[in-house]
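Coordinate analysis (summary)
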Amino acid sequence: MWNTDSKIVDTYVDHFGSGRGVVREELVDRHLLEHLGDDLEGRNIVDFGSGAGQQTLRFVERGCRVTLVEPSPLMMDRARQRVAELPAGLQERVTMVSATAEDAAAQLPKSAFDAVLSHGVLMYLDSPDPLLTVMVEAARPGGVVSVLTKSSEALAARAGFQGDFSTALQTFEQAETTQGWLGVDTRGDSVAGLTDGLKRLGAERLAWHGVGVFSDHRDDLDGMPTDELATLVELEYRAGRVDPYRSVARLIHVLARRA
C-alpha cells in the first residue's frame with residue numbers, strides 16, 4: 001500500500017497545506033456543517049482512513065468527540081503529532097484506533113456515531129461495499145454518512161484540462177483506473193453507484209457535490225493571496241452544487257443519512 005512509504009505519506013500530508021488541499025478541506029467542511037447543524041457540542045464523529053486527521057480534528061475545537069481510524073502506522077504518527085499540538089483539554093476528546101475499517105468495526109460501538117466520515121479512501125479499494133457497510137453500521141439512526149472519492153465519470157478531465165490530451169484520450173479506453181497525484185493507480189465511483197449502495201445498506205442520500213471543478217488540475221495555487229483563495233473556495237462551492245459544473249469535478253462528495 002502507498003501509505004507504507006514515508007515519502008508518499010509526507011507528500012500526502014503536505015498536500016493539505018497546498019492551495020488545492022485548502023480548497024478541498026474548506027469545501028468538505030462546509031458540506032458537512034450544512035447537515036450536522038449548528039450545535040456540535042458532544043457529538044461523536046468517526047473518520048475511517050483519517051490520515052493525519054487534517055479534515056476531522058477541526059471538529060474537536062467545535063466540541064465534538066472524534067475517533068480517528070487509520071491502518072497506516074506512518075500516517076497515525078502524523079495524526080499523533082497533530083493531536084499533541086492541541087490544548088490538553090481538547091486532546092482528551094480524540095481517540096485513535098490503528099486498524100483497518102473492518103477491524104476497527106469490531107472494536108467500536110455500532111449505531112453510535114452522529115457522523116461517519118471516509119474521505120479519499122474508496123479510490124484505493126477494489127470495491128466500495130465493505131467500507132460502506134462498516135460506515136452505515138457505525139452511524140446512529142439519523143446519523144450522517146460522508147464519502148469523498150474520485151469520480152469514475154470524469155476521469156479524463158484533469159489530464160484534458162492540463163493539456164495532456166493523449167493521456168485524457170487513453171482514459172476513455174481504460175476508464176477503470178487512473179494515476180493520482182501521489183503516483184498511485186486509483187479507481188473511481190459514480191454518484192449513482194454510491195447512492196444505490198448506501199440505500200441498500202439503509203442510508204438515504206442527502207446531497208452530492210463536486211470538489212475541484214476549477215482547481216483540481218492546477219498546480220499554481222500555492223501562495224495565492226488569502227482573499228483570492230477565499231474567492232476560489234466560494235466559486236468552487238457554487239459550482240460544485242449545480243450541473244453541468246459538478247459533473248466534471250475530479251472528486252465527488254456524497255452525504256447520506258442513516259434511516
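From a predicted model like this one, the values you see are computed outputs, not experimental measurements.

1. With respect to the pattern of salt bridges
In total, this model carries 15 salt bridges according to the counting rule given. As a salt-bridge pair, D29 and R58 come within 3.3 Å of each other at their nearest N and O atoms. Separated by 29 residues along the polypeptide, D29 in helix α2 (residues 19–36) and R58 in the loop between β1 (44–48) and β2 (65–69) bring together distant segments of the chain. Owing to a relative accessible area of 5%, D29 belongs among the buried residues under this scheme. The closest approach of N and O atoms between D77 and R80, which form a salt bridge, is 3.1 Å. On the criterion of helical spacing, the pair formed by D77 and R80 is a turn pair, its members being 3 residues apart in helix α3 (residues 73–84). With relative accessibility at 39%, the residue R80 sits in the partly exposed group. Within this structure, E25, E26, D29, R58 and R62 form a network of salt bridges that share partners.

2. Quick word on the nonpolar core
Counting residues in hydrophobic clusters, the biggest one holds 32 residues, and the most contacted among them are L32, L36, I45, F59, V60, V66 and V94. Those elements giving two or more residues to this core turn out to be α2, β2, α3, β4 (113–119), β5 (139–150), α10 (226–239) and β9 (251–258). At 5 residues, the largest contribution of residues to this core is made by α2. Not counting the four nearest positions on each side in its chain, V94 is found in contact with L57, V60, V66, L68, V83 and L86.

3. Structural notes on a nonpolar patch on the surface
The grouping of F214, L235, V242 and Y245 at the surface amounts to a nonpolar patch, some 340 Å² of accessible area in total. Within the element layout of this structure, L235 appears in helix α10. A relative accessible area of 41% places L235 in the partly exposed class.

4. Overview of empty space enclosed by the protein
Enumeration over the complete set of coordinates arrives at 4 cavities of 30 Å³ or more. The calculated volume of the second largest cavity comes to roughly 70 Å³. As for the second largest cavity, its lining consists of Y12, F16, R24, D47, G49, S50, Q54, Q55, H119 and L148. Among the residues making up the lining of the second largest cavity, the classes are represented as 3 nonpolar, 5 polar and 2 charged.

So, how was this worked out
- Residues numbered from 1 in each chain as written.
- Predicted model: local features only at pLDDT ≥ 70, side-chain atom pairs only at ≥ 80, totals over all residues.
- Heavy atoms only, no water.
- Salt bridge = Lys/Arg side-chain N within 4 Å of Asp/Glu carboxyl O.
- Helix = DSSP H or I, 4+ residues; strand = E, 2+ residues; numbered from the N terminus.
- Buried < 20%, exposed > 50% of the residue type's maximum accessible area, 1.4 Å probe, protein only.
- Core = buried A, V, L, I, M, F, W, Y, C linked by side-chain atoms within 4.5 Å.
- Contact = heavy atoms within 4.5 Å.
- Patch = residues over 30% accessible without salt bridge, like charges linked within 9 Å, V, L, I, M, F, W, Y side chains within 5 Å.
- Areas by Shrake-Rupley, 256 points an atom, 1.4 Å probe, with all protein chains shown as cover.
- 1 Å grid on protein atoms, 1.4 Å probe; cavity = no way out; pocket = protein on both sides within 12 Å on 5 of 7 lines; lining within 4 Å.
- Points joined across faces, edges and corners; volume = space filled by probe spheres on them.
- Nonpolar A, V, L, I, M, F, W, Y, C, P; charged D, E, K, R; others polar.

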